[in-house]
Amino acid sequence: MVRTSQPSPGSGPGPLPTVPLRPMRVPAQQAEDHAKSFYEIMSRRRTVRDFDSRPVPGAVLEWAVRTAATAPSGAHVQPWRFVVLTDPERKRRLRAAAEAEEREFYRRRASAEWLAALSPLGTDEHKPFLETAPAVIVVFEVHKGPHTPRPYYTKESVGIAVGFLLATLHQAGLATLTHTPSPMRFLNEICDRPAEERGAYVIPVGYPAPGARVPDLTRKELDEVLIRL
């Protein structure tokens with residue numbers, strides 16, 4: 001996402017004015033502690049499918065979206081939109097539409113290999129969490145339209161922003177799930193969004209239900225994911 005060549009004369013506006021950087025000043029001897037502390041918090045993040053009915057404070061969702069919107073994006077176009085659904089009727093419609101697509105996926109579209117990979121997780125076409133979670137954040141990619149510019153590295157940009165979003169919600173003590181039904185065009189009607197916006201993620205948000213359980217997963221060891229050259 002870094003510009004590697006200078007624009008040709010007359011190809012667009014000049015460079016943005018600059019401001020002083022406000023870096024995080026962490027003494028070297030504390031840097032590892034900060035990184036380890038963040039890891040220990042994030043290592044407890046899990047995908048949750050059983051939500052408590054307690055409402056989520058609206059201000060927490062707003063701060064989480066503010067944080068997500070600080071993510072880097074191609075040409076700084078910021079090609080994202082976050083729609084927060086709390087209305088029960090909209091969530092009901094969302095669940096019905098998503099489950100219709102999921103039935104097609106599990107019964108016709110998914111390969112045997114894909115279904116075998118999902119089998120240990122116990123997932124199927126039933127998505128009650130889309131209704132039981134007190135809030136659902138629907139994330140849209142914003143493409144070129146009457147009032148929006150052409151985006152660059154759209155999926156990468158939105159993916160990074162969603163990572164920021166999930167981390168912030170987890171830090172606030174909330175549970176999440178990333179759901180990606182396909183195709184997602186039904187999201188435009190449910191969320192009242194124009195055609196140039198394309199659904200990318202459906203993220204139920206809430207407090208985990210009392211006694212909620214999750215699969216006993218293990219993550220890859222560091223030497224499996226880190227290569228030093």
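Our subject is the structure listed above.
In short, a report on the structure. (Residues numbered from 1 in each chain as written. Predicted model: local features only at pLDDT ≥ 70, side-chain atom pairs only at ≥ 80, totals over all residues. Heavy atoms only, no water.)

### Concerning the side chain of Glu141
Mapped onto the secondary structure, Glu141 falls in strand 2 (residues 135–142). For Glu141, the side chain forms a polar contact with the side chain of Lys155, separated by 3.1 Å. What Glu141 contacts, discounting residues up to four positions off in sequence, is Pro79, Thr154, Lys155, Val158, Glu196, Glu197, Arg198 and Ala200. (Helix = DSSP H or I, 4+ residues; strand = E, 2+ residues; numbered from the N terminus. Polar contact = N/O pair within 3.5 Å; in protein donor to acceptor, adjacent residues only side chain to side chain. Contact = heavy atoms within 4.5 Å.)

### Details of the sheet that holds strand 1 (residues 80–85)
One open sheet accounts for four strands, arranged 1-2-4-3; its pairing is antiparallel. The outermost strands of the open sheet, each flanked by one partner alone, are strand 1 and strand 3 (175–176). Relative to strand 2, strand 1 is paired through six bridges, and the arrangement is antiparallel. The residue of strand 2 that forms the bridge with Phe82 is Val139. Of the strands in this sheet, strand 1, strand 2 and strand 4 (197–206) are in contact with helix 2 (residues 58–68), which crosses strand 1 at around 165°. (Pairing = 2+ DSSP bridges. Axes fitted to C-alpha atoms, helices over the stretch in contact; angles between N-to-C directions.)

### Digging into the packing of helix 1 (residues 28–42) against helix 6 (residues 154–171)
Orientation of helix 1 relative to helix 6, taken along the N-to-C sense of each, is 85°, at an axis distance of 10 Å. The orientation of helix 1 with respect to helix 6, classified from their angle, is roughly perpendicular. Taken together, the residues of helix 6 that come into contact with helix 1 (itself represented by Phe38, Ile41 and Met42) are Ala167, His170 and Gln171. Of the residues that constitute the contact of helix 1 with helix 6, the class distribution is four nonpolar, two polar and no charged. (Parallel < 35°, antiparallel > 145°, perpendicular 65-115°, else oblique. Nonpolar A, V, L, I, M, F, W, Y, C, P; charged D, E, K, R; others polar.)

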